[in-house]
Amino acid sequence: QVRNAYTVRGKDIIVGIIDTGIDPAQLDFRSLADDTRSRILYLWDMSRTDGQPPKGFESAGGTEIDSTFINAKLRVGDLFFANTDLNGHGTHVSGTAAGNGGGTQFIGMAPEADLVVVKATRGEASGSFSSADIITALDYIHKTAERLGKPYVINMSLGAVAGPADGSDAESAAIDNLVGAGKENKVVVVAAGNDGERRIHAQDTLSTDS
């Protein structure tokens, strides 16, 4: 409904995903006109050590693959390659943000956008992330979009309750360096969490003893 109300399609926009990875074989992330062409421009899997990390990010490790590699695999029907996202969360949120439905009615917000994805969890099925890896992933997507000359929206549905929750943590500072007043064509969307109005940030049990 939101997509239709605002005529959102995402064409010529990059949707960046920082999460548990993505399944590049999913039809949601291929071109509707040619299902052997992926809309995933780059996928950096920080958990893999069998390939090369992105240029300029060698110290962070991991393996980067691009759409040329993905498309070659899709053409031969190799659907069990690269990143399988055993956790599943990254694939789920990628579909919500930029899935084209793969021929079904379940279409995401920006079905014509290209994707740049970082699997920023080091464990194969883990859902945990380090601050350093999140900040590095933000920088990577920003620099990739800048190099391609495209505006971007980064989605961070990471979900955590640690930290002060007042915008002073390292991740918030990194986001503030990227977006804000006078910094056009860049957006970072951060999950509000799943805890509603639970009083989880400051609590203690006081003794009745004097």
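What this report covers is the structure whose coordinates are included nearby. (Residues numbered from 1 in each chain as written. Predicted model: local features only at pLDDT ≥ 70, side-chain atom pairs only at ≥ 80, totals over all residues. Heavy atoms only, no water.)

1. Structural notes on the overall build of the chain
Broken down by element type, the chain carries five helices and six strands. For the chain, the succession of helices and strands along the chain, N to C, is α-β-β-β-α-α-β-α-β-α-β. The C-alpha atoms of the chain give 18 Å as radius of gyration, which agrees with the globular expectation for 210 residues (17 Å, within 12%). C-alpha atoms of the chain, sized along the principal axes, occupy 75 × 45 × 35 Å. In the chain, the proportion of contacts linking residues at least 24 apart, taken out of those at least 6 apart, comes to 72%. Accessible surface for the chain amounts to roughly 11800 Å². Of this, 50% is attributable to carbon and sulfur atoms. (Helix = DSSP H or I, 4+ residues; strand = E, 2+ residues; numbered from the N terminus. Rg over C-alpha atoms; globule rule 2.2 N^0.38 Å. Contact = heavy atoms within 4.5 Å. Areas by Shrake-Rupley, 256 points an atom, 1.4 Å probe, with all protein chains shown as cover.)

2. Examining helix α5 (residues 170–178)
Among all positions of α5, only E171, A174, I175 and L178 are buried. When α5 is viewed along its axis, its buried side chains cluster within an angular range of 100 degrees and face the same direction. In the core, the buried residues of α5 are packed alongside α4 (131–148), β5 (152–156) and β6 (186–190). Sitting at the amino-terminal end of α5 is D169, which places a side-chain oxygen 3.3 Å from the backbone nitrogen of E171. Phi turns positive one or two residues past the end of α5, at G180, with a value near 140 degrees. (Buried < 20%, exposed > 50% of the residue type's maximum accessible area, 1.4 Å probe, protein only. Arc of directions from axis to C-beta. Polar contact = N/O pair within 3.5 Å; in protein donor to acceptor, adjacent residues only side chain to side chain.)

3. Some details on the nonpolar core
For soluble globular proteins, nonpolar side chains are generally found buried alongside one another. I18, V118, L138, Y140, I154 and M156 are the most contacted members of the largest nonpolar core, which totals 26 residues. Elements represented by at least two residues in this core include exactly β1 (14–19), β2 (40–45), β4 (114–119), α4, β5 and α5. The element contributing the most residues to this core is α4, with six residues. Not counting chain neighbours up to four residues away, the residues in contact with V118 comprise I17, I18, D19, W44, M46, A137, Y140 and I141. (Core = buried A, V, L, I, M, F, W, Y, C linked by side-chain atoms within 4.5 Å.)

4. Examining the pattern of salt bridges
A complete count under the given rule lists six salt bridges for this structure. Close ionic contact of R122 with D133 constitutes a salt bridge, the shortest N to O distance being 2.9 Å. Taken as a pair, R122 in the loop between β4 and α4 and D133 in helix α4 lie far apart in primary sequence, eleven residues in all. Given a relative accessible area of 10%, D133 falls into the buried group. One salt bridge connects D139 with K143, and the closest N-O pair in it is separated by 3.1 Å. Of the two residues, D139 and K143 both sit in helix α4, four residues apart, roughly one turn of that helix. Residue classification places D139 among the partly exposed residues on the basis of a relative accessible area of 26%. (Salt bridge = Lys/Arg side-chain N within 4 Å of Asp/Glu carboxyl O.)

5. Some remarks on helix α2 (residues 67–75)
For α2, the complete set of buried residues consists of S67, I70, N71 and L74. The arc that holds every buried residue of α2, seen down its axis, measures 95 degrees, which confines them to one face. Tucked into the core, α2 has its buried residues touching β2 and β3 (63–66). Looking at the residues trailing α2, positive phi occurs at G77, about 75 degrees.

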